[in-house]
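An overview of the molecular structure
Each chain, written out:
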Amino acid sequence: MDVDTRLLRSFLAVAQDGSLTRAAERVYVSQPALTKQIRQLENQLGVRLFDRSRTGMTLTGPGRELARRAPKVLAAWDDALRATKAAGRQAARVLRVGFLASAANEATPAIVAEFARRRPGWRAELRQAAWSDPTAGLADAEADAALLRLPFPGQDRLRVEVLFSEPRCVALPTDHRLAGRAEIAFRELWDEPFVAAPQETGAWRDHWLAADEREGRPVRVGAVTEQPDDWLSAIASGYGIALAPESAARFYARPGVVYRPVTGVSPTRVAVAWAPADDRNPVVRDFVRCCLDLARPA
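The structure reproduced in this document is the subject of the present report. Only a predicted model underlies this, so the values are computations on that prediction, with no experimental measurement involved.

What counts, and at which threshold
- Every chain begins its residue count from 1, and numbering advances along the sequence as written.
- A pLDDT threshold of at least 70 governs which residues receive local features in this predicted model, and a stricter bar of 80 or more applies before side-chain atom pairs are shown or counted, although totals over entire chains, interfaces and linings include all residues.
- Note that water and hydrogens are dropped before the side-chain values are worked out from all heavy atoms of the structure.
- One speaks of a salt bridge when a side-chain nitrogen belonging to Lys or Arg is within 4 Å of a carboxyl oxygen belonging to Asp or Glu.
- Only protein chains enter the area calculation, which uses a 1.4 Å probe; residues under 20% of their type maximum are buried, those over 50% are exposed, and those in between are partly exposed.
- Numbering of helices and strands starts at the N terminus; helices are DSSP runs of H or I of at least 4 residues and strands are runs of E of at least 2.
- Residues grouped as a nonpolar core are buried Ala, Val, Leu, Ile, Met, Phe, Trp, Tyr and Cys residues, joined through side-chain atoms within 4.5 Å.
- In this analysis, two residues are considered to be in contact whenever any of their non-hydrogen atoms come within 4.5 Å of each other.
- DSSP calls a pair of strands paired once it identifies at least 2 bridges connecting them.
- Our arc is simply the arc of the directions from the helix axis toward the C-beta atoms.
- Note on geometry: axes are C-alpha line fits, over the in-contact stretch for helices, and angles between N-to-C directions span 0 to 180 degrees.
- Here a polar contact is recorded for every N or O atom pair within 3.5 Å, except that within protein the pair must consist of a potential hydrogen donor and a potential acceptor, and residues adjacent in sequence are included only if both atoms are side-chain atoms.

Moving on, we get to the pattern of salt bridges. Scanning the model with the defined rule gives 24 salt bridges in all. Across the salt bridge formed by Asp-51 and Arg-48, the nearest N and O atoms sit 2.6 Å from each other. Residue class for Arg-48 comes out partly exposed when judged on its relative accessible area of 49%. Here Arg-168 and Glu-213 are joined by a salt bridge, their closest N and O atoms 3.0 Å apart. Placement of the pair is Arg-168 in strand S7 (residues 168-173) and Glu-213 in the loop between helix H6 (203-209) and strand S10 (220-224), with a sequence separation of 45 residues. For Arg-168, a relative accessible area of 2% translates into the label buried. Residue Glu-213 is classed as partly exposed on the basis of its relative accessible area of 23%. Members of the salt-bridge network, linked through shared partners, are Arg-96, Arg-123, Glu-125, Arg-127 and Glu-142.

Here we take up the nonpolar core. One finds Leu-148, Val-170, Phe-186, Leu-189, Trp-231, Leu-243 and Tyr-259 to be the most contacted residues of the largest nonpolar core, which totals 49 residues. Of all the secondary-structure elements, those providing two or more residues to this core are strand S5 (145-150), S7, strand S9 (193-196), H6, helix H7 (228-236), strand S11 (242-245), strand S12 (257-263) and strand S13 (268-274). Ignoring sequence-local partners within four residues, the contact set of Phe-186 consists of Phe-194, Leu-209, Ala-210, Glu-213, Arg-214, Leu-243, Val-262, Thr-263, Gly-264 and Val-265. In this structure, Phe-99, Ile-111, Ala-124 and Ala-295 belong to the second largest nonpolar core, which totals 25 residues.

Let us now look at the sheet that holds S7. Read from one edge of the open sheet, four strands run S8-S12-S7-S11, paired in mixed fashion. The sheet is open, and its two edges are formed by strand S8 (184-185) and S11, each paired on a single side. Where S8 lies against S12, two bridges are found, and the strand directions are parallel. If you follow Ala-185 over to S12, its bridge partner there is Thr-263.

Below, the discussion takes up H7. Those residues of H7 that sit buried are Pro-228, Trp-231, Leu-232, Ala-234 and Ile-235. One side of H7 carries all its buried residues, which in axial view fall inside an arc of 160°. Here the buried face of H7 lies against strand S4 (123-128), S7, S9, S10, S11 and S12. One or two steps after H7, the chain reaches Gly-238, where phi turns positive at roughly 85°.

Further remarks concern the sheet that holds S5. Read across the sheet, five strands follow the order S4-S3-S5-S13-S6 without closing on themselves; strand pairing throughout is mixed. Among the strands making up the open sheet, the edge pair consists of S4 and strand S6 (159-166). Between one strand axis and the next, the sheet turns by 25° as a mean value, whatever way the strands run. By the bridge criterion, six bridges tie strand S3 (residues 94-99) to S4 in an arrangement that is parallel. What sits directly across from Leu-95, in S4, is Ala-124. Strands S3 and S4 of the sheet are contacted by helix H5 (residues 107-118), whose axis makes an angle of about 145° with S4.

Moving on: the pairing of S13. Two faces make up the sheet, and in a regular strand the side chains alternate between them. Within S13, six of the seven residues are buried, which leaves it mostly tucked inside the rest of the structure. Where S5 meets S13, five bridges bridge the pair, whose relative direction is antiparallel. Bridge pairing in S13 places Leu-148 opposite Ala-271. Of the pairings in the sheet, the one linking S6 to S13 comprises seven bridges and is antiparallel in character. Paired with Phe-164 across the bridge in S13 is Val-270.

Another aspect to go through is the side chain of Arg-149. Inspection of the secondary structure assignment puts Arg-149 in strand S5. Note on Arg-149: relative accessible area 3%, which makes it buried. In terms of polar contacts, Arg-149 uses its side chain to reach the side chain of Asn-105, at 3.4 Å. Not counting residues within four places of it along the chain, the set of residues in contact with Arg-149 comprises Ser-102, Ala-103, Asn-105, Glu-166, Trp-204, Trp-208, Pro-245, Ser-247, Thr-268, Arg-269 and Val-270.

Next up on the list: unusual backbone geometry. The amide bond that connects Leu-150 to the next residue, Pro-151, takes the cis arrangement and shows omega of -5°. Residue position: Pro-151 is located in the loop between S5 and S6. For Ala-136, which is not a glycine, the phi torsion comes out positive at approximately 55°. Within the fold, Ala-136 resides in the loop between S4 and S5. At Ala-141, a position not held by glycine, the phi torsion is positive, near 65°. Within the secondary structure, Ala-141 sits in the loop between S4 and S5.

Structure below.
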């Protein structure tokens, strides 16, 4: 019998968290999709893996046995997958770097150039990820390193070095009632509809909604987008407003959208991240060192 490794990952997330809601964030799927995956795995194996109750999900006897053995299976597969993909990129002398939005801002070209200087014959290939993947390809070994915004789901399973922080601002339609302000207090925006990342991005979505900085006021979501262009279109069309890095005003200028400073909300942090398996990879280490040397403030 062949079992999809995705189903095993979903099973382990629920087994470890005891909650479908928290587990869904860890594996980047919606709660209904996760429930369907668990039932699919149970049907394939012909056993019940969880006892379900109002208080959460409790492993059955067969479930405990699978939870004991599955991590080794997945770890072996992950090592094989990462090594295979890395070998292909090694042969091509390419370091694949995932990134979200503006990456490391204006420091990004300098980082890439310095990496090429330190590693003659190599090139850093930057690939922009959708917001539905806050790890920018690291989670599934599609990237060797990534330039990310913190926090993101699965952050504790990766190596992370913070490079810098920058204030958050707010992106508004040009005809918004507050668009003419020089500065806006965040509490004035609490009741506005926001353009949000997909729900399964968990902590990353919550950060850009400043969900824990509203003194308990609920978030109104006016639209959900996965790409910067769609995000800008939703704002310009009046579906909602959005918090953004201060640098978005430079990298994502667009007719119909204005950016204004916001007070009363925490800054955003940019980091370079990589998998623990690459701690001794000299090429990845060189790229990380370039990021630390060129993107961190003196």
